[in-house]
Structure formats: C-alpha cells, structure tokens
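Examination of the molecular architecture
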Amino acid sequence: MTRKASSPRLAPGFAKPATWLGAPFGGVGLDTKAAIVGIPFDCGTHPDRIGSRMGPAAIRVQSSNLRRFDPRSNLDVLSTLGLVDLGDVLVTPGLIDESFASIEAAIGAAVAAGTVAVTMGGDGAVSLPQLRALANHRAEVCLVHIDAHTDAYPIQGYNTATGFRHAAQEGLIDVARSFHIGVRGPTLVPGVFEFCRGLGYNLITMTDLRSLGYEAMAARVVETIGARPVYLCFDMDFYDPSVAPGVCTPTWGGCTAAEGLAFVEMLQPLETAVFDVNTVSPPHDAVGMTAFLAATTMWTFLAGLAAKLTAGHPPRVSLEPH
Ligand SMILES: [Mn+2]
C-alpha cells in the first residue's frame, strides 16, 4: 500500500503554538482593543539570577490555567477586547541598543494603532524603551510603577536599576504625577530614596502603603493622574517571595496575591495605555507559580478593561470554543 504525503499546510493532528490563553496569534486589527506582547530580554549582568528572558514563554504556558469568562460580568474577556497575542519582540538578551530599538518600534506600532499593550518581560530594563514608545505618541504620560525597587538609581548605564532615572531625565513622563509604590528592602548604593524624590517622583514605600491602605493609595493615584495616559508597570517582586519566588530580585515583606490582584482592580479607573508585567524568572520559580500569578495579574487587568469598555451594556456571552 502506498502512503500519500499529506499537504504540510493542512498539518493534520497538530495544535497551534501556545499563545496567551489561546488568544489568536496575529496582528492588530480594527477590533483589537488589547494585545499581548512578549519581551524575552534580560540584561544578563546579574551574577547569578539570569532567566527572565524566558518569562514570556512560561507565562503563556501558565495562562492555560485561566479561563476566558469573567463570571462577575459574564463577559468573554478575549472576544470583548478582540485580544490578540502579537508574539515576542525580536530581541537579543544583553544587547541593549538594538533590543531597545526593537522594543520601542514594536510597542510604538501597537500604541499607534490605539491598542492597549499588555506586555510581559523580560527584566525591568524592558520598561524604558516601552515608555519611549508611548511618549512618542501621547502627551502628559504618567508612570505608575509598582515594585519593591525604584529602578531610578543614581548609577550609570542602561540596566534594570536605571530605567526610570532615564525616563525622568529624558522628559518622557510627568514625574510630579508619577508614582513608585511598594518600595522596600536593601539597595545596591546609598541615597536611592533621596535620588528618586529629587527626580520629582512620588515615592511610596511598602510601609507607607500598608499604613495608608491599598484603597486610599489607589484613590490618590487616580485623583492625581485623572484622564492622562498611564504607563502601568508591575514588577512581580512587588508580591512577597512566598507567593512569587521566581523573580530577579526577591524581596521579603511584599504583598499577598489577593492584595496585589485587588490593587490592579483598584487602579482600573486609570487610562492605562501600556500594562507592563515584568521580572518573572522561570529558572528561579517553583512549579510555575510566579508565571501563573503573572498571567493572573494580566487577566485581572484585562477583565477590568473589558468591563470598563462595555459599561452600560448588558453582559455578553460568547459561544466560541475554549
Ligand atoms: Mn524590582
């Protein structure tokens, strides 16, 4: 018996490559209100914790633990947003100049199309080129940076500790309306708090946040920023290492999963143009829990965005297959 060669284009018996929660892989269309972007870049300069370049792949795998419906609104989060997974930005870990140019171009294209970019790093260095892209397209950009670290250190170079120093000095953002929230733990050099405040930022330590409360903090951020476009940066080390061990710079004394997810919901009134979830480092993770929490943090933001965009409309239910 002769076996007939099947057409390779039909690819019988094969599933598509993994995307974020099964969202269609592809470009931004007219109905695309939000898009997932992977940025598999890290500086590679840390003495022993290298690995966030593998973050996007791990988050896509763990996103399969989520589901597309939000039972509170009955919205299909994916179809409501026309969510697509744009894939990964072409970068080479360790090569700052060419990778930053590539990230800026990729995020710039999404922002120019009017799509909310939901990005997954990569280490904290990936934020500066994304901020540059947003500032190229929007005026009065405000930064809300949720992180155990300011990433605005008084040191030289382009790395995970200096992104928001450059952002301030390059005039990309309205620093007086920008926040660093959740800062704690030891620092590489002295004078980090003073330097951050000297740049004009609002610095809210984890101690400040706990005494003020999450709701009061979110209300203050929303009131300060109003309708200005926001770059919302969520470093996974804001969470305590007990719930997010797989990060580049674990720092004890962070928030619980419930607190972090609730804080994302409380910030939903902001006009977020880019939601940047970074610093998942799969080699340091435990059974994928940090990547799963990162995927859930993204889902929480997207579900809130879907509800916000359909406010006043009855809940919709999609019958598309999962
Ligand atoms: Mn950090």
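Whatever comes next refers back to the structure up there.
Below or above, wherever it landed, is the structure these notes cover. (Residues numbered from 1 in each chain as written. Predicted model: local features only at pLDDT ≥ 70, side-chain atom pairs only at ≥ 80, totals over all residues.)

**Let's talk about the overall build of the chain**
Along the backbone of the chain there are ten helices and ten strands. Since a compact globule built from 322 residues should have a radius of gyration of about 20 Å, the 19 Å found for the chain is in line with a globular shape. Restricting to contacts in the chain with at least 6 residues of sequence separation, those with at least 24 account for 79%. (Helix = DSSP H or I, 4+ residues; strand = E, 2+ residues; numbered from the N terminus. Rg over C-alpha atoms; globule rule 2.2 N^0.38 Å. Contact = placed C-beta atoms within 7 Å.)

**Things to note about the environment of Phe-263**
On the secondary structure map, Phe-263 appears in helix H9 (residues 257–266). A residue is classified by how many C-beta atoms lie within 10 Å of it, and Phe-263, with 23 of them, is buried. Spatially, the C-alpha atoms of Phe-263 and Ala-286 are 24 Å apart, while their sequence positions differ by 23 residues. Contacts of Phe-263, omitting those with residues within four sequence positions, involve Tyr-214 and Ala-218. (Buried ≥ 20, exposed ≤ 12 C-beta atoms within 10 Å, placed from the backbone.)

**Details of the packing of helix H1 (residues 55–62) against helix H10 (residues 289–309)**
Their axes nearest at 8 Å, the elements H1 and H10 cross at an angle of 75°. In this view, H1 runs roughly perpendicular relative to H10, as classed from their interaxial angle. On the side of H1, the interface is formed by Ala-58, Ile-59 and Gln-62, while H10 contributes Ala-291, Phe-292, Ala-294 and Ala-295. Along the lines of polarity and charge, the residues of the contact of H1 with H10 split into six nonpolar, one polar and no charged. (Axes fitted to C-alpha atoms, helices over the stretch in contact; angles between N-to-C directions. Parallel < 35°, antiparallel > 145°, perpendicular 65-115°, else oblique. Nonpolar A, V, L, I, M, F, W, Y, C, P; charged D, E, K, R; others polar.)

**Comments concerning the sheet that holds strand E5 (residues 116–121)**
Read from one edge to the other, the open sheet built from eight strands follows the order E4-E1-E5-E10-E9-E6-E7-E8, with strand pairing classed as parallel. In this open sheet, the two edge strands, each paired with only one partner strand, are strand E4 (84–88) and strand E8 (202–205). With strand direction ignored, the average angle separating the axes of adjacent strands in the sheet is 15°. Of the pairings in the sheet, the one linking strand E9 (residues 229–235) to strand E10 (residues 271–278) comprises seven bridges and is parallel in character. Along E10, the bridge assignment pairs Tyr-231 with Val-274. With respect to the sheet, H1 is in contact with strand E1 (34–39), E4 and E5, its orientation differing from that of E5 by roughly 110°. (Pairing = 2+ DSSP bridges.)

**Quick word on H9**
Taken together, the buried positions of H9 are occupied by Gly-260, Phe-263 and Val-264. With its buried residues spanning 100° around the axis, H9 presents them on a single face. (Arc of directions from axis to C-beta.)

**Here we look at unusual backbone geometry**
Cis geometry marks the peptide bond from Gly-121 to Gly-122, where omega comes out at 15°. Its location among the elements puts Gly-122 in the loop between E5 and helix H4 (127–137).

**Things to note about the nonpolar core**
Formed by 96 residues in total, the largest nonpolar core has its most connected members in Val-37, Val-118, Val-144, Ile-173, Tyr-231, Ala-294 and Leu-302. Tallying contributions element by element places H10 first for this core, with twelve residues. Setting aside residues up to four positions removed in sequence, Leu-302 forms contacts with Ala-34, Val-77, Leu-81, Leu-83 and Val-118. (Core = buried A, V, L, I, M, F, W, Y, C linked by C-beta atoms within 7 Å.)

**So, the pairing of E9**
Counting buried residues in E9 gives seven out of seven residues, a clear majority hidden from the surface. Of the two faces of E9, the one holding Pro-229, Tyr-231, Cys-233 and Asp-235 and the one holding Val-230, Leu-232 and Phe-234 are both buried throughout. Note: strand E6 (residues 142–146) against E9, five bridges, orientation parallel. Within E9, the residue paired with His-145 across the bridge is Cys-233.

**Considering the environment of Gly-185**
Mapped onto the elements of the fold, Gly-185 is located in the loop between strand E7 (179–183) and helix H6 (192–198). It is 17 Å that separates the C-alpha atoms of Gly-185 and Thr-279, two residues lying 94 residues apart in sequence. Setting aside chain neighbours within four positions, we find Gly-185 in contact with Ala-148 and Thr-251.

**What about helix H3 (residues 96–112)?**
Owing to its 3.6 residues per turn, the α-helix aligns residues three or four sequence positions apart on the same side. Its 17 residues place the ends of H3 23 Å apart at the C-alpha level, agreeing with the 24 Å of an ideal helix rising 1.5 Å per residue. Among the residues making up H3, those that are buried are Ser-99, Ile-103, Glu-104, Ala-106, Ile-107, Ala-110 and Val-111. Buried residues along H3 sit in contact with E1, E4, E5, H4 and E10. (Expected span 1.5 Å × (residues − 1).)

Note that every value here comes from positions in space, so none of it alone points to a role or purpose.
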